[in-house]
Amino acid sequence: MTTALLLFLASGIAGLTTGLFLRVWAMALVSPITAILAAIVLQTADFGSWTGISIVVGCLVLGQIAYVAGAFYMQRGGFSVQDDVDGKPGEHG
């Protein structure tokens, strides 16, 4: 159980760090690395196939959620729906 919690923690930290410092394309590298490392650790710790698969999927989902949280944190105050609609920040109508 400790192994799974440490993997969740590590994938969350990796996702959050990627969201704070890198662009979305970096998740294309971080996610497979996370999955491979988690699978190796779980295989070494003698987890079963279905349990290991669910933990790896959980690690990937948690990493993605942490990435989105970090990316939204970095964009706070600098994002406006109006900027996307008319391309003129701060102007209405």
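Refer to the structure above for everything that follows.
It should be emphasised that the depicted structure is a prediction, and the values quoted were computed from it without experimental measurement.

Q: What is the right way to read helix α3 (residues 49-74) from this model?
A: Think of an α-helix as 3.6 residues a turn; residues three or four steps apart then line up on the same face. Here α3 is 26 residues long and its end C-alpha atoms lie 37 Å apart, about the 38 Å a rise of 1.5 Å per residue gives. Within the sequence span of α3, burial applies to Gly52, Ile55, Val56, Cys59, Gly63, Ala66, Tyr67 and Gly70. Residues of α3 that are buried make contact with α1 (2-21) and α2 (27-44).

Q: Any chance you could explain empty space enclosed by the protein here in plain terms?
A: It is the rolling of a water-molecule-sized probe over the atoms that shows where space remains empty. Within this structure, the stated rule accounts for one cavity of 30 Å³ or more. The calculated volume of the largest cavity comes to roughly 40 Å³. When contributions to the lining of the largest cavity are tallied by element, the ones reaching two or more residues are α1, α2 and α3. Among the residues making up the lining of the largest cavity, the classes are represented as five nonpolar, six polar and no charged.

Q: I would appreciate a short explanation of the nonpolar core in the present structure.
A: The tendency in soluble globular proteins is for nonpolar side chains to be buried as a group. Ala4, Leu7, Ala35, Ala38, Leu42, Ile55, Val56 and Cys59 together form the largest nonpolar core, which totals eight residues. The contact partners of Leu42, leaving out residues within four places of it in the chain, are Thr3, Leu7, Phe47, Gly52, Ile55 and Val56.

Q: Where do I start with unusual backbone geometry in this structure?
A: What you tend to see is this: most non-glycine residues have negative phi, and most peptide bonds are trans. In this structure, Asp46 is a non-glycine residue whose phi angle is positive, near 60°. Mapped onto the elements of the fold, Asp46 is located in the loop between α2 and α3. According to the relative accessible area criterion, Asp46 is exposed, its value standing at 70%.

Q: What is the right way to look at a nonpolar patch on the surface in this model?
A: Together, Leu29, Ile33, Ile36, Leu37 and Ile40 make up a nonpolar patch on the protein surface, roughly 510 Å² of accessible area in all. Tracing the chain through its elements places Leu37 in helix α2.

Q: Which parts of the structure should I look at to understand the side chain of Ser11?
A: Structurally, the position occupied by Ser11 is in helix α1. According to the relative accessible area criterion, Ser11 is buried, its value standing at 4%. Of note is the side chain of Ser11, whose polar atom sits 3.3 Å from the backbone oxygen of Cys59. Apart from residues no more than four positions distant in its own chain, Ser11 is found in contact with Thr34, Cys59, Leu62 and Gly63.

Q: What is the right way to read the packing of α1 against α2 from this model?
A: Between two packed helices, what matters for the description is the angle formed by their axes and the separation of those axes. Packing of α1 against α2 brings their axes to within 11 Å, and their N-to-C directions diverge by 170°. Taken together, the axes of α1 and α2 are roughly antiparallel relative to one another. Of the residues in α2, those in contact with Thr3, Leu7, Ser11, Ala14 and Thr18 of α1 are Met27, Val30, Thr34, Ala38, Val41 and Leu42.

Q: Sorry, what's going on with the environment of Arg23 here?
A: Counting through the fold element by element, Arg23 comes out in the loop between α1 and α2. Taking the relative accessible area as the measure of exposure, Arg23 reaches 69% and is therefore exposed. A C-alpha to C-alpha distance of 9.7 Å links Arg23 and Tyr67, two positions 44 residues apart in sequence. Not counting residues up to four positions away in its chain, the partners in contact with Arg23 are Thr18 and Tyr67.

Calculation notes
Residues numbered from 1 in each chain as written. Predicted model: local features only at pLDDT ≥ 70, side-chain atom pairs only at ≥ 80, totals over all residues. Heavy atoms only, no water. Helix = DSSP H or I, 4+ residues; strand = E, 2+ residues; numbered from the N terminus. Expected span 1.5 Å × (residues − 1). Buried < 20%, exposed > 50% of the residue type's maximum accessible area, 1.4 Å probe, protein only. Contact = heavy atoms within 4.5 Å. 1 Å grid on protein atoms, 1.4 Å probe; cavity = no way out; pocket = protein on both sides within 12 Å on 5 of 7 lines; lining within 4 Å. Points joined across faces, edges and corners; volume = space filled by probe spheres on them. Nonpolar A, V, L, I, M, F, W, Y, C, P; charged D, E, K, R; others polar. Core = buried A, V, L, I, M, F, W, Y, C linked by side-chain atoms within 4.5 Å. Patch = residues over 30% accessible without salt bridge, like charges linked within 9 Å, V, L, I, M, F, W, Y side chains within 5 Å. Areas by Shrake-Rupley, 256 points an atom, 1.4 Å probe, with all protein chains shown as cover. Salt bridge = Lys/Arg side-chain N within 4 Å of Asp/Glu carboxyl O. Polar contact = N/O pair within 3.5 Å; in protein donor to acceptor, adjacent residues only side chain to side chain. Axes fitted to C-alpha atoms, helices over the stretch in contact; angles between N-to-C directions. Parallel < 35°, antiparallel > 145°, perpendicular 65-115°, else oblique.

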